[in-house]
Amino acid sequence: MSEGIVGRRRPLPLHTKIFLGLVGGAVSGISVNVFLGRRPEVEWIVRTVTEPIGQIFLRMLIMVVVPLVFASLALGVAGLGDLRKLGRIGVKTLLYFVLVTALAVTIGLILVNVIRPGEGLSEQVKVQLLETYRGQTAETLEQAGRTRFGIQTFVNIVPRNPIAAAVQGDMLGIIFFALMFGVALTFLPASRAQPVMAVLSGIGEAMVVLIDLAMKLAPIGVAALIFSVTARFGFDLLAKLGVYVFTVILGLAIHQFGAYSILVRVFARLNPWQFFSAIRTVMVTAFSTSSSNATLPTTIRVSQENLGIPGEIAGFVLPLGATMNMNGTALFEGVTVLFLAQVFGVELSFSAQLIVIVMSVLTAIGAAGVPGGSLPLLILVLQTVGVPGEGIAIILGVDRLLDMCRTTLNVTGDVTAAAFIARSEGYALMPRPSVVEMERTEAGGERRW
Ligand code: ASP
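Okay, so let's go over this structure. (Residues numbered from 1 in each chain as written. Predicted model: local features only at pLDDT ≥ 70, side-chain atom pairs only at ≥ 80, totals over all residues. Heavy atoms only, no water.)

## Digging into the pattern of salt bridges
- Counted under the stated rule, the structure contains 12 salt bridges.
- Here Arg 47 ties to Glu 43 by a salt bridge, and the two come within 3.6 Å at their closest N and O atoms. One end of the pair, Arg 47, and the other, Glu 43, are both in helix α3 (residues 40–63), four residues apart, so they sit about a helical turn from each other.
- Across the pair Arg 88 and Glu 425 runs a salt bridge, and its minimum N-O distance is 2.6 Å. On the criterion of sequence distance, the pair formed by Arg 88 in helix α5 (residues 83–115) and Glu 425 in the loop between α22 (393–424) and α23 (433–442) is long-range, its members being 337 residues apart.
- The class for Arg 88 is partly exposed, based on a relative accessible area of 43%.
- A network of salt bridges, in which partner residues are shared, links Glu 43, Arg 47, Glu 51 and Arg 232. (Salt bridge = Lys/Arg side-chain N within 4 Å of Asp/Glu carboxyl O. Helix = DSSP H or I, 4+ residues; strand = E, 2+ residues; numbered from the N terminus. Buried < 20%, exposed > 50% of the residue type's maximum accessible area, 1.4 Å probe, protein only.)

Given below as structure tokens:
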């Protein structure tokens, strides 16, 4: 009998396995938290089992970021061919980033002005939180003190030494060098540029193999990451800061499912439902890692495979977006600054709120795509409008949860940008492969991996 066929069940698709990992990690972490509390055994399991597993998964993703960003950006630029096209795409991309980020902060500020979460926080809870998180706050304040935000921020985009930028994970420095390298390739005669491009292409392909390997670990890695967060999470804090958390998450949800649905429908001419379904692995990875950088390899891969975004556009827009386009972070910053202003009784006028919008957009561009990357910059925004930086102690206990949600928005925003740019450059998205291939060839693009 054909027992091979009768007995064999189709394996679950990877995204379903990752989703099950997410749910499994959350359910077991929350159960342990609720039923066992903060017992030393729980801490032991998190420290010696789940956290290391989660870290291995995260590191496998992060490990490919520098070579992948370099190869995909340099090839993206070289693949675009002419500098005018690069300039046009660059300007469109940056404009989209800034405008959509400003829209996100505006949504947040409207909500926080209407809901006014800071007014309900009791004096006792405020003092208690300031006391509990004093140590952690001091560290972040110190980091903020070292962060120079001003003209030097722009000067620093040009790295003195690209290798040092790679070693330090200075994404803007790596991006700048990769862009210039790609531009330089377009000036070389084809016979000289081609071998270099072939090597870059090979590096990119090898990185994709590594991402595939890392993503095989994703169901377990995601479960371990989520378990570590939920098992330790101070759920009692959620009740105390419930209105604030609700305001941030409501704002993120409006932007994620409202604004992005409209944007992908209007600018990328995609069905929003299909869009979200196509990128669900990206969203789950962003949610569980809280890092745009760690999610970047998956973002590039999925955008090309599931949405049909051409390699040269994905390779250009997505690495830039992972560093510069943080809609969720900007929205979170705006809401948090106004929330803390309400808590500390600082009245912020309309013009002060405009400053909050501008500063949130700028600092979101400068924030690193790592967990908690925006916190030092958030302090800068607070101080600019006269709210004490120490105030972030009040929200630190719930920050990880908010970070998971805002990172999901950040990364989704990057894909909407890439979809918009691809569409505006005349590429069809997510249709039959033959059509994509045809249009790609017509537009002079070339599929690399
Ligand atoms: N974790 C965020 C990201 O990687 C940055 C932040 O808002 O802290 O996109």
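## Some remarks on helix α17 (residues 292–307)
- Compared with an ideal rise of 1.5 Å per residue, which puts 16 residues at 22 Å, α17 spans 19 Å between its outermost C-alpha atoms and falls more than 12% short.
- Where α17 bends most, at Thr 298, the angle is about 30 degrees.
- For α17, the capping residue at the N-terminal end is Ser 291, with a side-chain oxygen 3.4 Å from the backbone nitrogen of Asn 293.
- Of the residues flanking the end of α17, it is Gly 308, one or two places downstream, whose phi is positive at about 75 degrees. (Expected span 1.5 Å × (residues − 1). Bend = angle between axes of the 7 residues up to and from the residue. Polar contact = N/O pair within 3.5 Å; in protein donor to acceptor, adjacent residues only side chain to side chain.)

## Focus: helix α12 (residues 218–232)
- Taking 1.5 Å per residue as the helical rise, α12 with its 15 residues ought to reach 21 Å, and the 21 Å between its terminal C-alpha atoms agrees with that figure.
- Of all 15 residues in α12, 12 are buried; the element is thus mostly enclosed.
- When α12 is considered as a whole, its buried residues turn out to be Ala 218, Pro 219, Gly 221, Val 222, Ala 224, Leu 225, Ile 226, Phe 227, Ser 228, Val 229, Thr 230 and Ala 231.
- On its buried face, α12 is in contact with α2 (14–36), α3, α11 (190–216), α13 (235–240), α16 (280–289) and α22. (Contact = heavy atoms within 4.5 Å.)

## Description of the packing of aromatic side chains
- Evaluated as defined, the whole model comprises eight aromatic pairs.
- When the centroid spacing of 5.3 Å and the interplanar angle of 50 degrees are considered together, the rings of Phe 70 and Phe 181 count as tilted. Note that Phe 70 is positioned in helix α4 (residues 65–80) and Phe 181 in helix α10 (residues 171–187), a separation of 111 residues in sequence.
- We classify Phe 181 as partly exposed; its relative accessible area is 27%.
- Grouped by ring-pair contacts, the aromatic residues Phe 70, Phe 177 and Phe 181 constitute a single cluster.
- One cation-aromatic arrangement involves Arg 406 over Phe 332; the distance from NZ or CZ to the ring centre is 3.9 Å. (Phe/Tyr/Trp six-rings, centres within 6.5 Å; stacked < 30°, edge-to-face > 60°. Lys NZ or Arg CZ within 6 Å of the ring centre and 35° of its normal.)

## Side note on the site of the ligand
- Not every one of the 16 residues close to the ligand is listed here, only the nearest: Ser 292, Thr 329, Asp 403, Arg 406 and Asn 410.
- Residue Ser 374 places a side-chain N or O atom 2.9 Å away from an oxygen atom belonging to the ligand.
- Here the shell around the ligand takes four residues from α22, the largest share from any one element.
- Considered class by class, the residues forming the shell around the ligand number four nonpolar, 10 polar and two charged. (Near = heavy atom within 4 Å. Nonpolar A, V, L, I, M, F, W, Y, C, P; charged D, E, K, R; others polar.)

## Description of unusual backbone geometry
- Phi is positive for Arg 269, close to 50 degrees, though the residue is something other than glycine.
- Within the secondary structure layout, Arg 269 lies in the loop between α14 (242–267) and α15 (272–278).
- Phi is positive for Ser 290, close to 55 degrees, though the residue is something other than glycine.
- Among the structural elements, Ser 290 can be located in the loop between α16 and α17.

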